[in-house]
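# What the coordinates show
Spelled out, the chains give:
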Amino acid sequence: MSILDNEEKKQQIKKTLSVYAVITLFCGFFSWMYEQFSHGVVSDYMIYLFLFPLVGGVLVFAVLGVIQRWPMPSRFSQNAYHAGIATWTVGSALQGALEIYGTTSGYILVYWIAGAVLAAAGIISYCIMVKRGYRKRTFVKRSI
Amino acid sequence: MRFFKKPYAFGILYTILLILFTGWVALDTFVIPHTYAVVDQSTTGENTSETAQTLSLSQSAGSGGSTDSAALDTSDAVVTENTYDDGNISITITETREYDTTIYVADIRVSSVEYLSTAFAQGTYGRNITETTSRIADQANAILAINGDFYGAQKQGYVIRNGVLYRSASAGSDQEDLVIYSDGSFDIINEGDVSAEELLDAGAVQVLSFGPGLVEDGEISVTQNEEVDRAKTSNPRTAIGMIDPLHYVMVVSDGRTSESEGLTLYELAEFMESLGVTTAYNLDGGGSSTMVFNGEVLNNPTTDGRKISERSVSDIVYIG
């Protein structure tokens, strides 16, 4: 990657990290508030809600930022991956709320599956992009 | 595909989709009524099942809702503010203070287990079909009633009521149920050990699926460390216990208010044990906890501790 590419990637990573950090804090606050009004009934899905944006967002994009040779994911990859993390986060919040209320819903499965499909689509498309990028560079070097 | 690559358009559209879907799931879970069977109040019950696998209305007469209560003659009953006695049913209500909590105890003696019955909200077995305990009690001509297990909040867990099997889907091997047999005896079973059909064959008249069991064979069967999530703090509680077959206690405690803290599950078990029960079982608590006697709500039901009002529930256990 060129210096310009690196600078652009840095900016994008910074922005993404900030958004995920805010979402992580919001999730932590939301869980804490929800537990305050749940009369001692707790749910792991609610308690650990913040882990989805923290691990799936902050941690992943921090690693992406540290490893400079990895390019910024394409818009498609980012959209799919962010949607996956968002789906898991909302699904976890809803599962927690249902557990605290003392009920269940078969539709919760939709969140886990849809989240997994979207996140996987984002990761796979990124891997393909990286692989193609390397191939292209290798081809260019050999041609020279 | 081009739309999918746009930075904000996709995000906005997906967020809207996620909100709409979540709203729909919440409505389906908490609001939209799903009727599975309408219980005929006068005969055996009429099957309008949408889920045939959960319903078997092959039982004989006397199995539907408040059939027996309809025939109950209360004209010779001696009724006071705290007692009821008609020769077949004898009820004494006492109010006591333990653990900084007001506890209402109904001591019940009946001549037949038929007087210990259950009823569904709106006479209907289904999900999100609810009414207040006092309203269901009124429709069932109940003398005394407490809230049941709120079966409608779950999709699994055995439901046998008045001799009819409504739901045979197991809630898992950890689920403890209260079984009331045709001889008036109580037993606490684990859904992992026995099927709903086997319970019915063994003479189960009522199966309540909430729990856990509080007292078994006269011994407290929960410990402070083993308490389930929902039981760790002080809350309004509802419990039912058997001293002897045809001699029962129904207990409701106030909670979540400055006047009445509420009970932990272990405190409730200790209290039930002190009443001399051999078997006791925890029913739905919190805002659902309600005791109705002669049409009057005795306790102070509350969900948030600020407003005293009855919560609508799926079902009741009653004497009548």
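This text follows the structure it describes.
Residues numbered from 1 in each chain as written. Chains lettered and ligands numbered in written order. Predicted model: local features only at pLDDT ≥ 70, side-chain atom pairs only at ≥ 80, totals over all residues. Heavy atoms only, no water.

What follows covers unusual backbone geometry. Note: most peptide bonds trans; most residues except glycine with negative phi. All names here are of chain B. The step from Gly 211 to Pro 212 runs through a cis peptide bond, and the omega angle for that step is 5°. The residue Pro 212 is located in the loop between strand 14 (204-208) and strand 15 (213-216) in this model. With phi around 50°, Asn 162 is a residue other than glycine that occupies positive phi space. Residue placement: Asn 162 occurs in the loop between strand 10 (159-161) and strand 11 (164-167). On the accessibility criterion, Asn 162 (8% relative accessible area) is buried. Although it is not a glycine, Asp 217 adopts a positive phi angle of roughly 55°. Along the chain, the position of Asp 217 falls in the loop between strand 15 and strand 16 (219-220). On the basis of relative accessible area, Asp 217 is assigned to the exposed category, the value being 72%. (Helix = DSSP H or I, 4+ residues; strand = E, 2+ residues; numbered from the N terminus. Buried < 20%, exposed > 50% of the residue type's maximum accessible area, 1.4 Å probe, protein only.)

All names here are of chain B. In terms of nonpolar packing, the biggest core is built from 32 residues, with Ile 91, Leu 144, Ile 240 and Met 250 touching the most fellow members. Residue contributions to this core peak at 4 residues, all from strand 5 (residues 101-110). Formed by 18 residues, the second largest nonpolar core is a distinct cluster that contains Val 222, Val 251, Tyr 266 and Ala 269. (Core = buried A, V, L, I, M, F, W, Y, C linked by side-chain atoms within 4.5 Å.)

All right, on to the pattern of salt bridges then. All names here are of chain B. For the structure on display, the rule yields 5 salt bridges over all chains. Across the pair Arg 306 and Asp 304 runs a salt bridge whose closest N-O atoms are separated by 3.7 Å. Note on Asp 304: relative accessible area 34%, which makes it partly exposed. When salt bridges that share partners are traced, they join Glu 131, Arg 135 and Asp 138 into one network. (Salt bridge = Lys/Arg side-chain N within 4 Å of Asp/Glu carboxyl O.)

Our focus in this paragraph is the pairing of strand 6 (residues 116-120) of chain B. All names here are of chain B. Within strand 6, 5 of the 5 residues are buried, which leaves the element mostly enclosed by the surrounding structure. Residues Leu 116, Thr 118 and Phe 120 line one face of strand 6 and the alternating positions Ser 117 and Ala 119 line the opposite face, and both faces are buried. Here 5 bridges tie strand 6 to strand 23 (residues 315-319), and the two strands are oriented antiparallel to one another. Bridge pairing in strand 23 places Ser 117 opposite Tyr 318. (Pairing = 2+ DSSP bridges.)

So far we have only geometry, and geometry alone does not tell us how the molecule works.
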